[in-house]
Amino acid sequence: MRAIKTLAASALLAFAGAGAAAQAGEPSKLFVSVTSADDHTQFMSMVLANQSMRQGQEIRVLLCGPAATMATEDYDGATMQPADRNAQQLMMNLLNNGATVETCAIFLPNTDYTEADLLEGITPADPEEVGAYMADPNVRFFSN
């Protein structure tokens, strides 16, 4: 419970004023890196990314480690209340509304998954491209 409260507090700080920042010429892009296998962490990350998108942020999601299974049909995340959805469903909402969703470059070569196993619209990340995106001063970061 303590970890969830810490995550929520960190997330609120990271996202505070995102809509106002976009209007004020401050960072207007959000880079969300998810590595945790924890259902609550994955879900809250997607909730906050969706909220940021609604406030005008450009969203880019990078799934690494155990979280990368969210990019496959094998994902078996818990349904969370009150949304009655899982993290993958929220992630697909992001994707369907223009967000970029990628798996880390080492996910496929180090698992039994192939690019054909990734959900439509999700691709392996290009480290050079991601590095350039992260160097953009208009990008905020949220990682868990």
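Residue positions are given per chain, counted from 1 along the sequence in the order it is written. The predicted origin of the model limits local features to residues at a pLDDT of at least 70 and limits the giving and counting of side-chain atom pairs to 80 or more, whereas totals for whole chains, interfaces and linings rest on all residues. Where side-chain values are given, they derive from all heavy atoms of the structure, hydrogens and water being excluded.

## Some words on helix H4 (residues 87–96)
Classification of residues uses two cut-offs on accessible area relative to the type maximum, computed with a 1.4 Å probe and protein chains only: under 20% is buried, over 50% is exposed, and between them is partly exposed. For helices the rule is a DSSP run of H or I covering at least 4 residues; for strands it is a run of E covering at least 2, with both sets numbered from the N terminus onward. Here H4 has its buried residues at Ala87, Gln88, Leu90, Met91, Leu94 and Leu95. Down the axis of H4, the buried set is contained in an arc of 160 degrees. They therefore lie on one face. Those residues of H4 hidden inside the fold are in contact with helix H3 (39–54), strand S2 (58–63) and strand S3 (100–103). Any pair of nitrogen or oxygen atoms within 3.5 Å is treated as a polar contact; in protein, a donor-acceptor pairing is required on top of that, and neighbouring residues in sequence qualify only through side-chain atoms on both sides. Its side-chain oxygen placed 3.0 Å from the backbone nitrogen of Gln88, Asn86 serves as the N-cap of H4. Looking one or two places after H4, you find Gly98, whose phi comes out positive at around 105 degrees. Directions from the helix axis toward the C-beta atoms define the arc. Contacts are assigned to residue pairs with any non-hydrogen atoms lying within 4.5 Å of each other.

## Regarding the side chain of Arg60
Along the chain, Arg60 turns up in strand S2. Overall, Arg60 belongs to the buried group, its relative accessible area being 6%. Among the polar contacts made by the side chain of Arg60, one reaches the side chain of Glu102 at a distance of 2.9 Å. Filtering out sequence-adjacent residues up to four positions away, Arg60 remains in contact with Leu30, Phe31, Val32, Thr100, Glu102, Glu129, Val130 and Tyr133.

## What to know about the pairing of strand S1 (residues 29–34)
Residues in a regular strand project their side chains so that they alternate between the two faces of the sheet. A large share of S1 lies buried, amounting to six of its six residues. The alternating pattern of S1 places Lys29, Phe31 and Ser33 on one face and Leu30, Val32 and Val34 on the opposite face, and all of these are buried. When the strands point away from the viewer and the connection leading from the first strand across the helix to the second strand turns clockwise, the crossover is called right-handed. With H3 bridging S1 and the parallel S2, this β-α-β connection has right-handed handedness. Whether two strands pair comes down to DSSP finding at least two bridges between them. As judged from the five bridges shared by S1 and strand S5 (residues 139–143), these two strands associate in the parallel manner. Across the sheet, residue Val32 finds its bridge partner in S5, namely Phe142.

## A few points about the environment of Ala99
Its location among the elements puts Ala99 in the loop between H4 and S3. Distance from Ala99 to Asn50, taken between C-alpha atoms, is 9.5 Å for residues 49 residues apart in sequence. Residues within four places of Ala99 in sequence aside, it is in contact with Met53, Ile59 and Leu94.

## Some thoughts on the pattern of salt bridges
Salt bridges are defined by distance alone: a side-chain nitrogen of Lys or Arg within 4 Å of a carboxyl oxygen of Asp or Glu. Scanning the entire structure with this criterion turns up three salt bridges. Between Glu129 and Arg60 there is a salt bridge, with its nearest N and O atoms 3.0 Å apart. Of this pair, Glu129 sits in helix H5 (residues 127–135) while Arg60 sits in strand S2, and the two are 69 residues apart along the sequence. One salt-bridge network, in which partners are shared between bridges, spans Arg60, Glu102 and Glu129.

## Concerning the environment of Met53
Within the fold, Met53 resides in helix H3. For Met53, a relative accessible area of 18% gives the class buried.

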